[in-house]
Amino acid sequence: MDVNEVKLIRDVIAGDRQAYNLLVRRMLPSLIALAGSIVGFSDAEDMVQDSLITAWRKLSSLRDPGKFSPWLKRILVRTCFAHVKRSRFEELDASGIPGNFPEPDSLMDVQRALAQLAPRQRAVMHLTVIEEMSDSRIAGILSIRPGSVRAHRRRARNTLRRFLEGEF
Amino acid sequence: MSNMRNSDPVERFETRWKDLADPEKIPVSDDFMTRLEDQLPRRRRRFFLLPAPAFVGLAAAAVILMVFLTKVPGDPSPVNQLTTAISSGITTPSLPAETAAPRMVTFWLDRETPLHLALKTNSNVKGEQI
C-alpha cells in the first residue's frame, strides 16, 4: 500500500465522498470477482453495492487505514453469505453471467464447478487462488481460524476433484 | 492457460479460474458508480455516530445548562416558574411528609450547589424553606 493510498483511505475515513468513489473505482473489479465467486456473477454487482453502502455507513468504526481492504472484503463476504442464506434453495447461478464478460462459456464452466462448494469454501478458494492471500489473512476476513481455512480448502479441493474428473 | 500440461484437474481448474477472474478482465456496469452515488447517504454526520449513552449524557448536560442559564430571579419564564414550583412544593405542608422523594430532593438541595444558591436568591423562594 503506497503513501497516496493511505492518504486516500484517511480521507475516506474522514468522510470524503470523492475519495470514497475514487477508492471504490480502484477496488471494484476485485470486489465483483469475489462476490461473483460466492453468489454468482448475476448478483455480484448488487452484493458489492450493498456492501459499499454498509461500509460507508460504518466508516467511523474503522481506525486503521491499513485495514480498509480486508475490512471492506469482510463486509462483502458477510453480505454474500447472508444473500446465499436467504436464497438457500437456489444454486449458484451459472447461467446468469452478464454478456459483457470475456469468455462467458469458460466462466460458466468455472461457476458450475464452484456451485458444488459451500459458500464459505468458495470464499476460501477465491481468496486463495485469485487473491493469493495467506491463511491468516483469509482467516481474518472470514472471522475463522487459519486451521479452519486449511480444512475448508482441503474439502473444497476434494469436492472439486470429484466433480472435475467427471466434467473435464 | 499457461499450465494446461499439468495433469491435476484441480490445478488446471485453478489456473483457468485465475485467468478468467483476473480483475483487469472483470467488466463493471457503466451505471454502477451512478447507482452507488444515488444510494450513498448525502452527508455523514459524525455527531449522530455517537453511541447512545453519549447522547443521553449530552442531552442531560444540555438540560442542566439550560436551567442554569435561563433561571433569573423574578423572571416569569416557564423554566423559572417550574424550578420555583418544584422548590416550593418540597416544603409545602400539604405534601406527605414521609414520602421519600421530597426528602431526597431536599437533601440534594441542602448542598451548596449553584442550583441551591440560585434558588436561595430567588425572590419567590425563602431560603429557610429549603
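Being a predicted model, the structure only gives us computed values, none of them experimental.

Caption draft 1: Expanded view of the overall build of chain B. Helix and strand counts for chain B stand at six helices and zero strands. Taking all 130 residues of chain B together, the buried fraction comes to 25%. Here the contacts in chain B between residues at least 6 apart in sequence split such that 31% fall between residues at least 24 apart. Summed over its atoms, the accessible surface of chain B is roughly 8,800 Å², and 63% of this surface lies on carbon and sulfur atoms.

Caption draft 2: A look at the packing of aromatic side chains. Inspection of every chain in the model, using the stated rule, returns three aromatic pairs over all chains. A ring pair is formed by Phe-68 of chain A and Trp-71 of chain A, whose centres lie 5.9 Å apart and whose planes are at 40°; its orientation type is tilted. With a gap of three residues between them, Phe-68 of chain A and Trp-71 of chain A both fall in helix α4 (residues 68–86), about one helical turn apart. The residues Phe-68 of chain A and Trp-71 of chain A share a single accessibility class, namely buried. Taking 5.7 Å as the distance between ring centres and 35° as the angle between the ring planes, the aromatic pair formed by Phe-13 of chain B and Trp-17 of chain B counts as tilted.

Caption draft 3: Fine view of the side chain of His-126 of chain A. For His-126 of chain A, the location among the structural elements is in helix α6 (residues 119–129). On the basis of relative accessibility, which here comes to 0%, the residue His-126 of chain A falls in the buried class. Apart from residues lying up to four places away in sequence, His-126 of chain A is in contact with Ser-30, Ala-33, Leu-34, Ser-37 and Glu-131 of chain A together with Trp-17 of chain B.

Caption draft 4: Up close: unusual backbone geometry. Residue and element names in this part refer to chain A. Phi angles above zero are rare outside glycine, and Glu-132 is one such case at about 50°. With a phi angle near 55°, Ser-143 is a residue other than glycine that sits in the positive phi range. Mapped onto the secondary structure, Ser-143 falls in the loop between α7 (135–142) and α8 (146–167). Classification of Ser-143 by relative accessible area gives partly exposed; the value is 47%.

Caption draft 5: Geometry of the interface of chain A and chain B. Taken together, the contacts link 48 residues of chain A with 30 residues of chain B. Summed over both sides, the interface of chain A with chain B buries roughly 3,800 Å², with 64% coming from carbon and sulfur. Ranking the residues of chain A by area buried against chain B places Arg-17, Glu-45 and Gln-49 of chain A at the top, with a combined share of 18%. Counting every contact that joins chain A to chain B gives six salt bridges. Ionic pairing is found between Arg-157 of chain A and Glu-14 of chain B, a salt bridge with its closest N-O pair at 2.8 Å. Linking chain A with chain B are 12 residue pairs in polar contact (both at pLDDT 80 or more). Put simply, the parts of the chain that give the side of chain A that touches chain B at least two residues each are α1 (3–13), α2 (17–39), α3 (41–57), α5 (104–114), α6 and α8 of chain A. No other element matches the 11 residues that α2 of chain A contributes to the side of chain A that touches chain B.

Caption draft 6: Spotlight on the pattern of salt bridges. All names here are of chain A. For the structure on display, the rule yields 12 salt bridges over all chains. For the salt bridge of Lys-7 with Asp-11, the shortest nitrogen-to-oxygen distance reads 3.0 Å. Of the two residues, Lys-7 and Asp-11 both sit in helix α1, four residues apart, roughly one turn of that helix. Given a relative accessible area of 24%, Asp-11 falls into the partly exposed group.

Caption draft 7: Region of the structure containing the confidence of the model for chain B. Residues and elements named next belong to chain B. Per-residue pLDDT for chain B averages 68, and the proportion of residues at 70 or more is 38%. Confidence, expressed as mean pLDDT per element, reaches its minimum in chain B at helix α5 (residues 100–110) with 55 and its maximum at helix α1 (residues 9–20) with 92. Across residues 125–130, where pLDDT falls below 50, the model places 15 contacts with residues more than four positions away in sequence or in other chains. Here the prediction assigns the complex a pTM of 0.66, and the interface score ipTM is 0.84.

Caption draft 8: How the structure looks around α6 of chain A. Extensive coverage of α6 of chain A is indicated by the burial of nine of its 11 residues. Every buried residue belonging to α6 of chain A is among Gln-121, Arg-122, Ala-123, Val-124, Met-125, His-126, Leu-127, Thr-128 and Val-129 of chain A, and all of these are buried.

Caption draft 9: The arrangement of the side chain of Glu-45 of chain A in detail. Counting through the fold element by element, Glu-45 of chain A comes out in helix α3. Here Glu-45 of chain A is in contact with Ile-32 of chain A together with Pro-27, Val-28, Ser-29, Phe-32 and Arg-35 of chain B, once residues within four sequence places are set aside.

The rules we used
- Residues numbered from 1 in each chain as written.
- Chains lettered and ligands numbered in written order.
- Predicted model: local features only at pLDDT ≥ 70, side-chain atom pairs only at ≥ 80, totals over all residues.
- Heavy atoms only, no water.
- Helix = DSSP H or I, 4+ residues; strand = E, 2+ residues; numbered from the N terminus.
- Buried < 20%, exposed > 50% of the residue type's maximum accessible area, 1.4 Å probe, protein only.
- Contact = heavy atoms within 4.5 Å.
- Areas by Shrake-Rupley, 256 points an atom, 1.4 Å probe, with all protein chains shown as cover.
- Phe/Tyr/Trp six-rings, centres within 6.5 Å; stacked < 30°, edge-to-face > 60°.
- Buried area = accessible area lost by both parts, 1.4 Å probe.
- Salt bridge = Lys/Arg side-chain N within 4 Å of Asp/Glu carboxyl O.
- Polar contact = N/O pair within 3.5 Å; in protein donor to acceptor, adjacent residues only side chain to side chain.
- pLDDT = per-residue confidence, 0-100.

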